[in-house]
Amino acid sequence: MLKNSGVAERDLVEKVYPSEERRKKGAFAAIECFQRIPCDPCVASCKRGAISPPADINDIPTADFDKCNGCGLCISVCPGLAIFVIDENYSVDEALIKLPYEFLPLPIVGDIVFGTDRGGSPVCKAKVVQVVNTKSSNRTPVVSLAVPKELSMDVRGFCFDDGKEKCECDCANTQPHLHTPHSTLHTQYICRCEGITLDKIREYVAHGYTTLNEIKIISRAGMGACQGRTCRQLILNELAKTTGQPIDKMPVSTFRPPVQPIKMGLLLSEEEQK
Amino acid sequence: MNKTSSIVIIGGGISGAAVAYELAKRGQKDIILIEREYLSGGATGRCGAGVRMQWGTKMNCLLAKYAIEKFETLNEELDYEYDVEFKQGGYLMCASTQKEYDQFVKNVALQNSLGINSRIITPAEAKEIVPYINTDYMIGGTFHQKDGHLNPFHTTLAYARAAERLGVEIMKYTAVTGIDVQNGKIKGVMTDKGYIATETVLNAAGGYSQQIAEMVGVTLPLYSQRHQIMVTEPVIPIQGPMFMGFVHNIYIQQTPHGSFIMGRGDAYEPKDLRVTSGWQFMEDMARNCAKLLPALRDLNIVRQWAGLYNMSPDKQPIYGVVEGVEGMYVAAGYSGHGFMFGPVTGVVMAEMMLGLPTTVDVSALGPDRFASGKLFVEPSVV
Ligand SMILES: Cc1cc2nc3c(=O)[nH]c(=O)nc-3n(C[C@H](O)[C@H](O)[C@H](O)COP(=O)(O)OP(=O)(O)OC[C@H]3O[C@@H](n4cnc5c(N)ncnc54)[C@H](O)[C@@H]3O)c2cc1C
Ligand code: SF4
Ligand code: SF4
């Protein structure tokens, strides 16, 4: 389930895709934005008017594929990193995926990396074709990857290592997964607002705190400015892995207002603000 | 999964956890504590966790003094591996009307006679303690340095972990669905994870204690009511004490983490079990805060939430034996100040359940006081 895992399923994704016919015509924006939140910068970013202004700020944006030419201007603008541009006509057997990438180091054109799916698992090798990191990228560089055509609907990220070589981490995951040397765990932040590392989370799990709410109350993970938007799914994934419980069955914490931090003074009337 | 137990405690808030620990510490074996969600998931984990000795009646002063002196060394007593975060920055109580001020003067005299070193302060002195207070709305106040606040999650977990080490079994995510009473005696407790045979039950279910009482056919004169609260982003430490004003309807503290937590009451809240959040609260709260502590208006609010006050007719807890059902005890109805009584609830209920004399005399807080009309009236409640 998207709500618990943070990973959109294929059927959900297919709904926002253009027709087979349109896909053949060239690049298009895949707006994989599935949560109703008050957000709309993508609308203004599109110079071609392909994303119509929502009736309600919480509405989920959709692209008009007759207007969209896959320019990719919207990619870096989306704070949710939810927009990708897909070109299924990149080569005979490759599709091009343009994706937002906010990690360091940035890849170099020509690198061969591992394309990962929405859940972060490596699924193929991919060639880095372009890296755009200009002022207008506003610190959200866009990386273009050439991937096998049949995976155009799946590859949404990449990593430099597919974890097939002997992994130093102590987790029970037998599937190929991201290489996580143990020595880096204590600096691997799960909750960035409160500075809680993966190491710390594992300590609490070992003490018997095995639900999201329990981890939250003991560590403060999820109580910071973002209110769990960053760490919620990371913690659920870790808990699912260590407790063996299916992630869909794990209780999540309550969503509460305000949706984003709001200055107290803004709630006062003009008179009172003086 | 059926079990047998000597004592079943219903509710894993501060009350249930403290009683479990104090019983086990006195040698009681085979205790089971049942909590429907996670420990502190009820009012305890949602509360302001302020603790004060500045009360208006002798009993409340003594109960709070006893509890706070225990909070001071709780980490050590419970060998807690983390920290209950007790910040003894004091309570600054603001008097805004002459009537309130006169009451405060009486309270301080009483408190001083009981060894509580509270004092009357002028608005100018208040400003020395919290420099950014707007004293326009204040005619005077009281201050007591040993009051303060804790982290309610850690406080509950500290008790629960110590109880577990002493053999208490804690069943989290387990709901009590019924209580088996035969010939006026407790025989067992039904849960969604099976039956537990027992002859003694403590109802420490907070906002849900009426429901638990109904399971043995008793109606307690309690009702629950939502109370809302909110928290800001963290900033450097600028406020020592909990600031509290009854007339202006506000309590506000800065936690050791740096965030400000503030709440207020709403007389128009319906009496039910809702714990959703309402927009009106955030506006009203911001307004109160901006008026009394104008410097805080630039802080960002990051979250609001709500919990249940469990109200009794005289706004005092009920500690005691439930008449007519042998083996049934209740510790509920704290009316918004049950967190600070937690340690003393633990001690007096454990003593009562083991047939020992109680350290603090709480006979005036028995469930029978309502029928006999002997209400206990405390002038200083929020
Ligand atoms: C917003 C707010 C602010 C507050 N501020 C303060 C303050 O500053 N200082 C202070 O001293 N007090 C304060 N209080 C009051 C304080 O929170 C409570 O009095 C206190 O926490 C009560 O603790 P408890 O353990 O008795 O109940 P709770 O913490 O409510 O615990 C009862 C538990 O029973 C469980 N339960 C219920 N039904 C069942 C069932 N059928 N089966 C199994 N489990 C069940 C619930 O899940 C719950 O966890 C505040 C309360 C609120 C709501
Ligand atoms: S890819 Fe370009 S045209 Fe298409 S929606 Fe985004 S900004 Fe508009
Ligand atoms: S900017 Fe991104 S997250 Fe915001 S509405 Fe558009 S697609 Fe969704």
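Conventions we followed
Residues numbered from 1 in each chain as written. Chains lettered and ligands numbered in written order. Predicted model: local features only at pLDDT ≥ 70, side-chain atom pairs only at ≥ 80, totals over all residues. Heavy atoms only, no water. Helix = DSSP H or I, 4+ residues; strand = E, 2+ residues; numbered from the N terminus. Buried < 20%, exposed > 50% of the residue type's maximum accessible area, 1.4 Å probe, protein only. Contact = heavy atoms within 4.5 Å. Areas by Shrake-Rupley, 256 points an atom, 1.4 Å probe, with all protein chains shown as cover. Lys, Arg positive; Asp, Glu negative; His and termini not counted. Charge placed at Lys NZ, Arg CZ, Asp CG, Glu CD. Phe/Tyr/Trp six-rings, centres within 6.5 Å; stacked < 30°, edge-to-face > 60°. Buried area = accessible area lost by both parts, 1.4 Å probe. Salt bridge = Lys/Arg side-chain N within 4 Å of Asp/Glu carboxyl O. Polar contact = N/O pair within 3.5 Å; in protein donor to acceptor, adjacent residues only side chain to side chain. Near = heavy atom within 4 Å. Nonpolar A, V, L, I, M, F, W, Y, C, P; charged D, E, K, R; others polar. Pairing = 2+ DSSP bridges. Domains from an automatic or database assignment. Axes fitted to C-alpha atoms, helices over the stretch in contact; angles between N-to-C directions. Parallel < 35°, antiparallel > 145°, perpendicular 65-115°, else oblique. Left-handed = near helix turned anticlockwise from the far one by under 90°.

Novice: I tried to follow the overall build of chain A on my own but got confused; where do I start?
Specialist: Tallying secondary structure elements over chain A gives 9 helices and 10 strands in all. Taken along its principal axes, the extent of the C-alpha atoms in chain A is 65 × 55 × 35 Å. Taken over 274 residues, chain A has a buried fraction of 45%. Contacts spanning at least 24 positions in sequence make up 55% of the contacts within chain A whose residues lie at least 6 apart. Put simply, chain A shows about 14,400 Å² of open surface, and 54% of that area lies on carbon and sulfur atoms. A gap of 3 Å separates the mean positions of the 33 positive and 34 negative side-chain charges of chain A.

Novice: Explain the packing of aromatic side chains to me, please; I cannot follow it from the model alone.
Specialist: Aromatic ring pairs are described here by two measures, namely the spacing of the ring centres and the angle between the planes. Overall, the coordinates contain 13 aromatic pairs over all chains when judged by the stated rule. Considering the side-chain rings of A:Tyr101 and A:Phe158, the 4.2 Å spacing of their centres and the 20° angle between planes classify their relative orientation as stacked. Taken together, the residues span a long stretch of sequence, with A:Tyr101 in the loop between β3 (94–100) and β4 (112–116) and A:Phe158 in strand β7 (residues 157–159) at a distance of 57 residues. Taken as a pair, A:Tyr101 and A:Phe158 share a single burial class, namely buried. The interplanar angle of 45° and the centroid separation of 6.2 Å between the aromatic rings of B:Trp55 and B:Phe341 together place this pair among those described as tilted. Of this pair, B:Trp55 sits in the loop between β4 (50–51) and α3 (58–72) while B:Phe341 is found in helix α10 (residues 338–353), placing the two residues 286 residues apart along the sequence. You'll find B:Trp55 and B:Phe341 in the same group, each marked buried.

Novice: Would you take a moment to explain the interface of chain A and chain B for this structure?
Specialist: Across the contact, 32 residues belong to chain A and 37 residues belong to chain B. Both sides of the chain A and chain B interface together cover about 3,000 Å² of buried area, and 55% of this is carbon and sulfur. When the buried area of chain A at its contact with chain B is split by residue, A:Ile217, A:Arg256 and A:Met264 rank highest and sum to 27% of it. There are 2 salt bridges connecting chain A and chain B. With its nearest N and O atoms 2.7 Å apart, the salt bridge here joins A:Glu272 to B:Arg287. Taken together, the connections running from chain A to chain B amount to 21 residue pairs in polar contact (both at pLDDT 80 or more). Mapped onto the side of chain A that touches chain B, the elements with two or more residues apiece are α6 (198–206), α7 (212–219), β10 (262–263) and α9 (270–273) of chain A. For the side of chain A that touches chain B, the leading source of residues is α7(A), giving 5 residues.

Novice: Quick question: what am I supposed to make of the site of ligand 2 here?
Specialist: In the vicinity of ligand 2, the residues found are A:Ala29, A:Cys46, A:Arg48, A:Ala50, A:Ile51, A:Cys68, A:Asn69, A:Gly70, A:Cys71, A:Gly72, A:Leu73 and A:Cys74. Taken together, the residues of the shell around ligand 2 sort by class into 8 nonpolar, 3 polar and 1 charged.

Novice: Would you mind going over the pairing of strand β15 (residues 242–245) of chain B with me for this structure?
Specialist: All names here are of chain B. What you see with β15 is no split at all: Met 242 and Met 244 on one side and Phe 243 and Gly 245 on the other are buried throughout. Here 4 bridges tie strand β5 (residues 91–95) to β15, and the two strands are oriented parallel to one another. Its bridge partner being in β15, Cys 94 is matched across the sheet by Gly 245. Hairpin connection of β15 to strand β16 (residues 250–254): 4 residues between the antiparallel strands, including Asn 249 at a positive phi of 60°.

Novice: I would appreciate a short explanation of the sheet that holds strand β11 (residues 185–191) of chain B in the present structure.
Specialist: The strands making up a sheet associate through backbone hydrogen bonding, with each pair oriented either parallel or antiparallel. All names here are of chain B. An order of β1-β12-β11-β10 is seen for the 4 strands of this open sheet, with the pairing classed as mixed. Looking at strand neighbours, the two that pair on one side only are β1 (3–4) and β10 (176–182), the edges of this open sheet. As defined by bridge partners, β1 adjoins strand β12 (residues 194–197) across 2 bridges and the pair is classed as parallel. Bridging from a neighbouring strand, Lys 3 pairs with Ile 196 of β12.

Novice: For this particular structure, what's the right way to read the domain arrangement of chain A?
Specialist: Residue and element names in this part refer to chain A. Domain parsing of chain A yields domain 1 (2–159) and domain 2 (187–274). Relative placement of domain 1 and domain 2: their C-alpha centres are 27 Å apart. Listed by partner, the interface residues are 6 residues for domain 1 and 10 residues for domain 2. Overall, the association of domain 1 and domain 2 removes approximately 610 Å² of surface from exposure, summing both partners, and the carbon and sulfur fraction of that is 58%. Considering only the side of domain 1, the residues that lose the most area to domain 2 are Lys 3, Asn 4 and Ser 5, jointly responsible for 75% of the buried surface there. On the surface where domain 1 and domain 2 come into contact, there are 0 salt bridges.

Novice: Please clarify how the packing of helix α1 (residues 14–25) of chain B against α10(B) should be interpreted in this entry.
Specialist: Geometrically, a packed helix pair is captured by the angle between its two axes and the distance between the axes. Residues and elements named next belong to chain B. Across the interface, α1 lies against α10 with an axial gap of 8 Å and an inter-helix angle of 40°. Regarding the angle of α1 to α10, the classification is oblique. Judged by the twist between their axes, the crossing of α1 over α10 is right-handed. Every residue of α10 that contacts α1 at Ile 14, Ser 15, Ala 18, Val 19, Glu 22 and Leu 23 is listed here: Gly 338, Phe 339, Gly 342, Thr 345, Gly 346, Val 347, Met 349, Ala 350 and Met 353. When the residues that make up the contact of α1 with α10 are grouped by side-chain class, the tally is 9 nonpolar, 5 polar and 1 charged.

Novice: I'm lost on the sheet that holds strand β6 (residues 119–121) of chain B in this one. Help?
Specialist: Spatial ordering of the open sheet is given by β10(A)-β18(B)-β14(B)-β17(B)-β16(B)-β15(B)-β5(B)-β7(B)-β6(B), a layout of 9 strands whose pairing is mixed. Both outer strands of the open sheet, β10 of chain A together with β6 of chain B, are each paired with one neighbouring strand and no more. For β6(B) and strand β7 (residues 140–144) of chain B, the ladder comprises 3 bridges, and the chain directions are antiparallel. Counterpart to B:Ile120 in the pairing with β7(B) is B:Thr142. Each of β5, β6 and β7 of chain B is contacted by helix α5 (residues 98–113) of chain B, which is oriented at about 140° to β5(B), the strand it contacts most. Its contacts with the sheet put helix α9 (residues 279–292) of chain B on β10 of chain A together with β14 (223–234), β15, β16, β17 (259–264) and β18 (300–311) of chain B, and the angle it makes with β17(B) is roughly 110°.

Novice: Hey, could you run me through the domain arrangement of chain B in this one?
Specialist: When the parts of a complex come together, some accessible area is lost, and that lost area is often used as the size of the interface. All names here are of chain B. By domain assignment, chain B separates into domain 1 (3–47 + 153–222 + 314–372) and domain 2 (87–145 + 223–311). One C-alpha centre belongs to domain 1, the other to domain 2; they are set 30 Å apart. Here domain 1 packs against domain 2, burying approximately 1,100 Å² in sum over the two surfaces, 54% of which is carbon and sulfur. Remark: the boundary between domain 1 and domain 2 carries 10 residue pairs in polar contact (both at pLDDT 80 or more). At the level of secondary structure, the elements contributing two or more residues to the side of domain 1 that touches domain 2 comprise α2 (43–46) and α8 (209–214). Sorting elements by how many residues they give to the side of domain 1 that touches domain 2 places α8 first, with 3 residues. Looking at the side of domain 1 that touches domain 2, its residues break down into 7 nonpolar, 8 polar and 2 charged.

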